[in-house]
Amino acid sequence: QKFVYDFTEGNKDLKDLLGGKGANLAEMTNLGLPVPPGFTITTEACKVYLESGSEPSALRDEVSAHLDALETKMGKKLGQADDPLLVSVRSGAKFSMPGMMDTVLNIGLSDASVAGLAAQAGDERFAWDSYRRLIQMFGKTVLGVDGDLFEEALENAKQAKGVRTDVDLDAADLRTLVDEFKAVVAKEAGRDFPQDPREQMDLAVRAVFDSWNGERAKLYRRQERIPGDLGTAVNICSMVFGNLGPDSGTGVAFTRDPASGQQGVYGDYLQNAQGEDVVAGIRNTVPLADLAGIDQPSYDELMRIMETLENHYKDLCDIEFTIERGKLWMLQTRVGKRTAAAAFRIATQLVDQGLIDEAEALQRVNGAQLAQLMFPRFDVSAKAELLGRGIAASPGAAVGKAVFDSYTAVKWSRSGEKVILIRRETNPDDLNGMIAAEGILTSRGGKTSHAAVVARGMGKTCVCGAEDLEVDTKRRCLTAPGGVVIEEGDVISVDGSTGKVYVGEVPVVPSPVVEYFEGRMHAGADDADELVKAVHRVMAYADRVRRLRVRANADNAEDAARARRFGAQGIGLCRTEHMFLGERREMVERLILADTDAVRDEALKALLPLQQRDFVDLFESMDGLPVTVRLLDPPLHEFLPDITDLSVRVALAESRKEPHENDLRLLQAVHRLHEQNPMLGLRGVRLGLVIPGLFTMQVRAIAEAAAERLAAGGDPRAEIMIPLVGTVQELELVREEADKVITDVEAEHGVELKLAIGTMIELPRAALTAGQIAEAAQFFSFGTNDLTQTVWGFSRDDVEASFFTAYLEKGIFGVSPFETIDRDGVGSLVALAAKAGRATRPDLKLGVCGEHGGDPESVHFFHEVGLDYVSCSPFRIPVARLEAGRAAS
Ligand code: PEP
Ligand code: MG
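The structure displayed is predicted, hence computed values, not measured ones.

Peer 1: Looking at this structure, I do not really get the overall build of the protein chain. What am I missing?
Peer 2: Helix and strand counts for the protein chain come out as 37 helices and 31 strands. In terms of overall dimensions, the protein chain has a C-alpha envelope of 105 × 65 × 60 Å along the principal axes. Sequence separation of at least 24 residues holds for 67% of the intrachain contacts in the protein chain that already meet a minimum separation of 6.

Written out as structure tokens, the structure is:
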């Protein structure tokens, strides 16, 4: 096994082995670009070290051989006293983990070689400055010395001299500082700063290995779902210097604008500086275009290289470069991060340039980016006073009055106010307030904090961890660093897509992408937004290649119409219980509580025409497309009066000696039907089987509505779906009755209705006996909400607010299984049931209608297991279409 690769030996496809940075340095080297020579120690070496606690035995000799070769190439030896070769030691994992791991520059400097560097560079100050930087970085990252101690010493030196920046310290000052830094190391690390250059290098390599398991890195990996066992590579690269005078400098560049995707010259340059100076913001950078005036030949060369890189990677690249005394060097490149809008624009631009094809373009964007583009946004042209910023935890643009506790949030929102709930951090007690609020702002916690997790689950705007904002819940105010104070009732605006928080009301504009999907903006129009044109094209690619059809979960004509505009190919789930919320709730209540046949029949008779009307509307708005109507599935607690409220009402009436006959009877009935676990109780098919006439009423309403649409010249395609089936016997009983009703209606109207009858698969037993159930079902629709609830034994109504934050923080899962399908558990049951069902009935139609139907990663899974369609809420349809296309291409 080979543990070390020269830059000339690797290539960009070896990211697993060489890390992203190493692979790309090798690629650039092989493209003939000016990369300072060096070599990469593989992630395999790191893995051996992390597993066994020591470097692989062959590593030392391999490093020696590569170092020899490097020294020969450079014509000088590492740390050579009169002309030292210096190297940087940089981490570089497969996935970019910005700032999470360690880097040490200027390895090879020592008391002996610092004078040699000064002589070679003709610059004594530069040599001492490089040496003090080495001791500082090495002390901090390799020897674990508190970095503040070096900063303090530097600060003291500047104060003693009465200067503001470190550029004002001369060689003698820096030389003194080096002595002080060495003393800090000796005291804090209990050892001297190593003078042997090879020892410096070996220790730095080991520190980079160790940094893989640093706390910051571990947390980042868990959040980004990067596996913990990949390890990092280590790049050893000969140093070039941007701080050797005005003809030197350092910069970053993008081959196109990462915000808009536009081609042009984007980047920053800092004359006479090293990379860290740019990041640290010590001096102001100039726009990259200004480099043309500073050093035209280097600028021209950089432009040529950027073009080469873009054509080679066929994508936006970002670049770090250094100019050393007029000579340009490439220090890093990678395919660059970009905004959601830029991702779509770049993908189509590259197609137009002939660099990628449509299938590749689909891989360059994703559903999460599309979803981001669909949120309303703050009007950026409006003037807005920035209050502070935190982590963009859940996208959206929310405006409301500041409130500092859940109680006030609920109270104010009940009286029609829009509120923003501000907390230091949230906990499950804040849940009601979060539901009531337009948006949530916290000063503590990261992407997996309670606030972030719950807000994302609710689709509610959230900014968390705005550390600069001081939240005082007792005094009910928020203080910004500038001294601005927001009191309860003051209006603020929270941008969950950028993490920015503004004073006052920033106007909100609808997203042009939604305007486009709604049909209010046409991609073909001359003045159409570039983004809309790009989205239009990418959606067309996706629709062309996808195999999965996309349907909507919708229970009213308005949602159905929107769904259709958004590209739905039918309704995959019409939850009929939703048709009985609001005013009609009492009718269902009456039905459920009926204690005589007469009362029950009365209730059913009242419901029938209402249902029929609903279905006619629905079939009309989805004319020609399938509409899956699910028979009533109300967990009883959602439809009955709250037992506590009712008890209080009865007790009050009793004490006041007021009449309360009805309430008392209701209370007794509610007691009789009260369940400890309503989600596992009398719902779905069970309810249909114990309340005679309920399902037949619904089936009749569906059949009559279909007949009515046929008579009107329409093309209704209704499918009847039975919920919560656990055994084929349940389904057979319901079918027998339903078939009878349908035959009757057909005879009455003299038509053939072609109604399909199928079932949901949402209980483990249904999945495990899917082969039998398929005997009685023409289709399956996986109800992955209930299936997740019952496979995990997680109450879908409770767990996300109670212990999921802890589970996410502990890395038990990276995302809630209610959000993204748990492939290994719930997913295996889906795959198994799909297979067994089709074995019984080869033309069995398969779909999914749980929340997962609109989740990007889950859509890929449903594609893989061969479902025919996914069904999701109307707003997620474009995302599902896109991801179905990506899955198929
Ligand atoms: C499901 O359980 O996944 C489903 C779609 O049904 P509901 O969410 O209505 O229980
Ligand atoms: Mg369900």
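Peer 1: Would you explain the packing of helix H13 (residues 340-352) against helix H20 (residues 530-545) in this entry?
Peer 2: When two helices pack together, their arrangement is given by the angle between their axes and by how far apart the axes lie. The interhelical angle for the contact between H13 and H20, taken along N-to-C directions, is 65°, at an axis separation of 9 Å. On the basis of their axis angle, the class for H13 and H20 is roughly perpendicular. Read as a crossing pair, H13 and H20 show a hand that is left-handed. In this structure, H13 contributes Ala341, Phe344, Arg345, Ala347 and Thr348 to the contact, and H20 contributes Glu530, Leu531, Ala534, Val535, Arg537 and Val538. Looking at the contact of H13 with H20 residue by residue, the class counts come to seven nonpolar, one polar and three charged.

Peer 1: I would appreciate a short explanation of the UniProt feature "domain: PEP-utilising enzyme C-terminal" (unreviewed entry) in the protein chain in the present structure.
Peer 2: UniProt annotation of "domain: PEP-utilising enzyme C-terminal" (unreviewed entry) refers to residues 533-885 when read in the numbering used here. Helix makes up 56% of residues 533-885 and strand 11%. Its end C-alpha atoms lie 18 Å apart.

Peer 1: Honestly, the site of ligand 1 in this entry has me stumped. Any pointers?
Peer 2: Near ligand 1 the following residues occur: Leu573, Arg575, Asp633, Glu762, Gly783, Thr784, Asn785, Asp786, Cys849 and Gly850. For the shell around ligand 1, the secondary-structure elements that each account for two or more residues are strand E25 (571-575) and helix H32 (784-792). Here the element with the most residues in the shell around ligand 1 is H32; it accounts for three residues. Grouping the constituent residues of the shell around ligand 1 by class yields two nonpolar, four polar and four charged.

Peer 1: Would you explain helix H22 (residues 585-593) in this entry?
Peer 2: Residues separated by three or four positions in an α-helix point in the same direction, a consequence of the helix having 3.6 residues per turn. Listed as buried for H22 are Val588, Leu591, Ile592 and Leu593. Along its buried surface, H22 packs onto helix H23 (597-621), helix H24 (636-639), helix H26 (661-673) and helix H28 (694-711).

Peer 1: Is there a simple way to explain the sheet that holds strand E9 (residues 317-324) in this structure?
Peer 2: Paired through backbone hydrogen bonds, the strands of a sheet run either parallel or antiparallel to each other. Across the sheet, five strands lie side by side as E8-E7-E6-E9-E10; this open sheet has antiparallel pairing. Edge positions in the sheet fall to strand E8 (286-287) and strand E10 (327-335), since each of these pairs with one other strand and no more. Pairing analysis gives two bridges linking strand E7 (residues 263-271) to E8, with the strands arranged antiparallel. Its bridge partner lying in E8, Tyr269 is registered against Val286.

Peer 1: Would you take a moment to explain the packing of H20 against helix H37 (residues 877-888) for this structure?
Peer 2: Where H20 contacts H37, the axes come no closer than 8 Å and their chain directions differ by 60°. Regarding the angle of H20 to H37, the classification is oblique. When the axes of H20 and H37 are compared, the crossing they make is left-handed. From H20, Met539, Tyr541, Ala542, Asp543 and Val545 reach across to H37, where they touch Pro878, Arg881, Leu882, Ala884, Gly885, Arg886 and Ala888. A per-class count over the contact of H20 with H37 returns eight nonpolar, one polar and three charged.

Peer 1: Hey, could you run me through the UniProt feature "domain: Pyruvate phosphate dikinase AMP/ATP-binding" (unreviewed entry) in the protein chain in this one?
Peer 2: Mapped onto this numbering, the UniProt entry annotates "domain: Pyruvate phosphate dikinase AMP/ATP-binding" (unreviewed entry) at residues 59-284 and 298-344. Taken end to end, residues 298-344 comprises 45% helix and 36% strand; its first and last C-alpha atoms sit 32 Å apart.

Peer 1: When you look at the sheet that holds strand E19 (residues 477-479) in this model, what are you seeing that I'm missing?
Peer 2: Taken in spatial order, the three strands line up as E18-E19-E20 in an open sheet, and their pairing is antiparallel. Here the strands that pair on one side only, and so sit at the sheet edges, are strand E18 (470-472) and strand E20 (485-487). Strand-to-strand twist in this sheet, taken as the mean axis angle between neighbours without regard to direction, amounts to 15°. Where E19 meets E20, three bridges bridge the pair, whose relative direction is antiparallel. By the bridge assignment, Cys477 is partnered in E20 with Glu487.

Peer 1: Please explain the pairing of strand E4 (residues 103-107) as it appears in this structure.
Peer 2: Along any regular strand the residues' side chains alternate between the sheet's two faces. In terms of residue burial, E4 counts as a mostly covered element, since five of its five residues are buried. Pairing of strand E3 (residues 87-93) with E4 involves three bridges; the strand directions are antiparallel. Residue Val89 lies in a different strand from E4, and its bridge partner there is Val104.

Peer 1: What's the story with the pairing of strand E15 (residues 419-423) in this structure? I'm lost.
Peer 2: For E15, the buried fraction is high: five of the five residues fall into the buried class. Residue alternation in E15 divides its side chains into two sets, Val419, Leu421 and Arg423 and Ile420 and Ile422, and both sets are buried. Bridging between strand E14 (residues 397-403) and E15 involves three bridges; their strand directions are parallel. Considered in E15, the bridge of Val403 is made with Leu421. For the crossover that starts at E14, traverses helix H16 (residues 406-414) and ends in the parallel E15, the hand is right-handed. For the handedness criterion, the β-α-β arrangement of E15, helix H17 (residues 431-436) and strand E16 (residues 439-442) is classed as right-handed.

Peer 1: Is there a simple way to explain the environment of Gly144 in this structure?
Peer 2: Following the sequence through the fold, Gly144 ends up in the loop between helix H5 (124-142) and helix H6 (147-161). On the basis of neighbour count, Gly144 is assigned to the exposed category, with 12 C-beta atoms found within 10 Å.

Peer 1: It is not clear to me how the confidence of the model for the protein chain should be interpreted in this structure. Could you clarify?
Peer 2: Residues shown with low pLDDT carry predicted positions that ought not to be read at fine detail. In this model, the protein chain carries an average pLDDT of 92, and 98% of its residues clear a pLDDT of 70 or more. Here the predicted complex carries an ipTM of 0.99, next to a pTM of 0.84.

Peer 1: I would appreciate a short explanation of the environment of Ala560 in the present structure.
Peer 2: Mapped onto the elements of the fold, Ala560 is located in helix H21 (residues 557-565). On the basis of neighbour count, Ala560 is assigned to the buried category, with 25 C-beta atoms found within 10 Å. Between the C-alpha atoms of Ala560 and Gly570, which are 10 residues apart in sequence, the distance is 8.4 Å. With residues near it in sequence (within four places) discarded, Ala560 still touches Ala552, Ala554, Ile571, Leu618, Ser621 and Met622.

Peer 1: When you look at unusual backbone geometry in this model, what are you seeing that I'm missing?
Peer 2: In this structure, Asn272 is a non-glycine residue whose phi angle is positive, near 50°. As for its placement among the helices and strands, Asn272 is situated in the loop between E7 and helix H10 (275-280). Not every positive phi belongs to a glycine, and Arg476 is a case in point at roughly 55°. Relative to the elements of secondary structure, Arg476 occurs in the loop between E18 and E19.

Peer 1: Mind showing me how you'd approach the environment of Phe615 here?
Peer 2: Counting through the fold element by element, Phe615 comes out in helix H23. By the C-beta count within 10 Å, which is 26 here, Phe615 ends up buried. Along the sequence, Phe615 and Pro716 sit 101 residues apart, while their C-alpha atoms lie 9.9 Å from each other. Discounting chain neighbours no more than four positions away, the residues touching Phe615 are Val629, Ala701, Ile702 and Ala705.

Peer 1: What's the story with helix H35 (residues 823-840) in this structure? I'm lost.
Peer 2: End to end, H35 covers 24 Å across 18 residues, agreeing with the expected 26 Å (1.5 Å per residue, within 8%). Taken as a whole, H35 has its buried residues at Val826, Gly827, Leu829, Val830, Ala833, Ala834 and Gly837. The buried residues of H35 all sit within an arc of 150° when viewed along its axis, so they share a single face. In H35, those exposed residues whose orientation departs by more than 90 degrees from the buried face are Asp824 and Ala839.

About the cut-offs
- Residues numbered from 1 in each chain as written.
- Chains lettered and ligands numbered in written order.
- Predicted model: local features only at pLDDT ≥ 70, side-chain atom pairs only at ≥ 80, totals over all residues.
- Helix = DSSP H or I, 4+ residues; strand = E, 2+ residues; numbered from the N terminus.
- Contact = placed C-beta atoms within 7 Å.
- Axes fitted to C-alpha atoms, helices over the stretch in contact; angles between N-to-C directions.
- Parallel < 35°, antiparallel > 145°, perpendicular 65-115°, else oblique.
- Left-handed = near helix turned anticlockwise from the far one by under 90°.
- Nonpolar A, V, L, I, M, F, W, Y, C, P; charged D, E, K, R; others polar.
- UniProt positions renumbered as here; feature names shortened; annotations may be inferred.
- Near = placed C-beta within 6 Å.
- Buried ≥ 20, exposed ≤ 12 C-beta atoms within 10 Å, placed from the backbone.
- Pairing = 2+ DSSP bridges.
- Right-handed = clockwise from strand over helix to strand, strands pointing away.
- pLDDT = per-residue confidence, 0-100.
- Expected span 1.5 Å × (residues − 1).
- Arc of directions from axis to C-beta.

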